[in-house]
Amino acid sequence: MSKLRFRISMSLDGFVAGPHQSVDNPLGVGGMRLHEWVFPLRAWRAMHGEPGGEVDESNQVVEESLANIGATVMGRNMFGGHPGPWKRDTPWTGWWGNDPPYHHPVFVLTHHPREPLRLEGGTTFTFVTDGIESALDQARKAAGDREVAIAGGAATVNQYLAAGLVDELRTHVAPVTIGAGERLFDGVPPLRLELIGARAASLTTHISYRVLR
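These numbers come from a predicted model, not from an experiment.

Caption draft 1: Inspection of the overall build of the chain at higher detail. When helices and strands are tallied, the chain shows five helices and 11 strands. C-alpha extents for the chain along the principal axes are approximately 45 × 40 × 35 Å. Counting only residues that meet the buried cut, the chain has 46% of its 213 residues in that class. The long-range fraction of contacts in the chain, counting pairs at least 24 apart against all pairs at least 6 apart in sequence, stands at 63%. By element, 52% of the accessible surface of the chain is carried by carbon and sulfur atoms, the whole surface being about 10800 Å².

Quick look at the structure:
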């Protein structure tokens, strides 16, 4: 069975997004600071079709986190756009343009039905209305012998953690505090974790765990 894992940037006080999130400010107040470490990296730039970039310890971590992913699950807020039913006249197609950086099937959790959205580069967004386990089942079938990633946001990650479905978590801890917003592990029962990796970099600390059953 395909492993389920996620990677997520977070503050020292546990937040993965700041307060007052909106279409214009999807990461909330201060949320962009959590990701400053990744923007200059060659691996991140290559995902978005941009040349060049830095090659350092963090770049290797990103390359490893992207390896062997065959499908992704994300929440409606991670896909983005307005709340409520999808607009038919101006349908939201994500933050990433016509060629999203996934290049594999993506399953979006939502309460509002919508036909699959096929974009360039092999990315198809399938909108799942019958819960996290259904989305994971579909993602595993699409991934085949590769792994499934959870892209976020915090509410989606926490649902999978609370349900005992996550195998590995990879956190990127930025040296900042935010004080409010969306917090990782909210509503999640106590977990037994095994440390499988820790690397210090200039703008973040990468810490990975295996979830013990």
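Caption draft 2: Up close: the pattern of salt bridges. For the structure on display, the rule yields nine salt bridges. Across the pair Arg199 and Glu64 runs a salt bridge, and its minimum N-O distance is 2.9 Å. Of the two residues, Arg199 is situated in strand E10 (residues 192-200) and Glu64 in helix H2 (residues 57-66); the sequence distance between them amounts to 135 residues. You can call Arg199 partly exposed: its relative accessible area is 25%. We note a salt bridge from Glu168 to Arg170, for which the minimum N-O separation is 3.4 Å. Given a relative accessible area of 7%, Glu168 falls into the buried group. Salt bridges linked by common partners bring Lys3, Glu168 and Arg170 together as one network.

Caption draft 3: Broad picture of the environment of His48. As for its placement among the helices and strands, His48 is situated in the loop between helix H1 (42-47) and H2. Along the sequence, His48 and Pro100 sit 52 residues apart, while their C-alpha atoms lie 7.5 Å from each other. Engagement of the side chain of His48 in a polar contact is seen with the backbone oxygen of Trp44, the distance being 2.9 Å.

Caption draft 4: Geometry of the environment of Val62. One can find Val62 in helix H2. Apart from residues no more than four positions distant in its own chain, Val62 is found in contact with Trp37, Val38, Leu41 and Ala43.

Caption draft 5: Looking closely at H2. Every buried residue of H2 is listed here: Ser58, Asn59, Val61, Val62 and Ser65. Buried residues along H2 cover an arc of 160° about the axis, so they all sit on one side. Looking at the buried positions of H2, the neighbouring elements they touch are strand E1 (4-10), H1, strand E3 (69-75), strand E8 (168-173), E10 and strand E11 (205-212). You can read the cap of H2 off the contacts: a side-chain oxygen lies 3.1 Å from the backbone nitrogen of Ser58, and it is on Asp56. Positive backbone phi, at 65°, marks Asn68, one or two positions downstream of H2.

Caption draft 6: Local environment of the packing of aromatic side chains. Throughout the structure, instances matching the rule amount to 10 aromatic pairs. Summarising the aromatic geometry, the rings of Phe79 and Trp86 are spaced 5.8 Å apart at their centres and angled 80° between planes, so their arrangement reads as edge-to-face. Summarising the burial analysis for this pair, Phe79 and Trp86 share the class buried. An angle of 80° between the planes, with centres 5.4 Å apart, marks the rings of Phe79 and Phe127 as edge-to-face. With a gap of 48 residues between them, Phe79 in helix H3 (residues 76-79) and Phe127 in strand E6 (residues 124-128) connect regions that are remote in the sequence. Comparing Phe79 with Phe127 shows no difference in burial state: the two are buried. Here the aromatic cluster, defined as three or more aromatic residues joined through ring pairs, consists of Phe79, Trp86, Trp96, Tyr102, Phe125 and Phe127. A cation over a ring is seen here: Arg76 above Trp86, with NZ or CZ 3.6 Å from the ring centre. Taking the ring centre of Trp86 as reference, the NZ or CZ of Arg114 above it sits at 4.7 Å.

About the criteria used
- Residues numbered from 1 in each chain as written.
- Predicted model: local features only at pLDDT ≥ 70, side-chain atom pairs only at ≥ 80, totals over all residues.
- Heavy atoms only, no water.
- Helix = DSSP H or I, 4+ residues; strand = E, 2+ residues; numbered from the N terminus.
- Buried < 20%, exposed > 50% of the residue type's maximum accessible area, 1.4 Å probe, protein only.
- Contact = heavy atoms within 4.5 Å.
- Areas by Shrake-Rupley, 256 points an atom, 1.4 Å probe, with all protein chains shown as cover.
- Salt bridge = Lys/Arg side-chain N within 4 Å of Asp/Glu carboxyl O.
- Polar contact = N/O pair within 3.5 Å; in protein donor to acceptor, adjacent residues only side chain to side chain.
- Arc of directions from axis to C-beta.
- Phe/Tyr/Trp six-rings, centres within 6.5 Å; stacked < 30°, edge-to-face > 60°.
- Lys NZ or Arg CZ within 6 Å of the ring centre and 35° of its normal.

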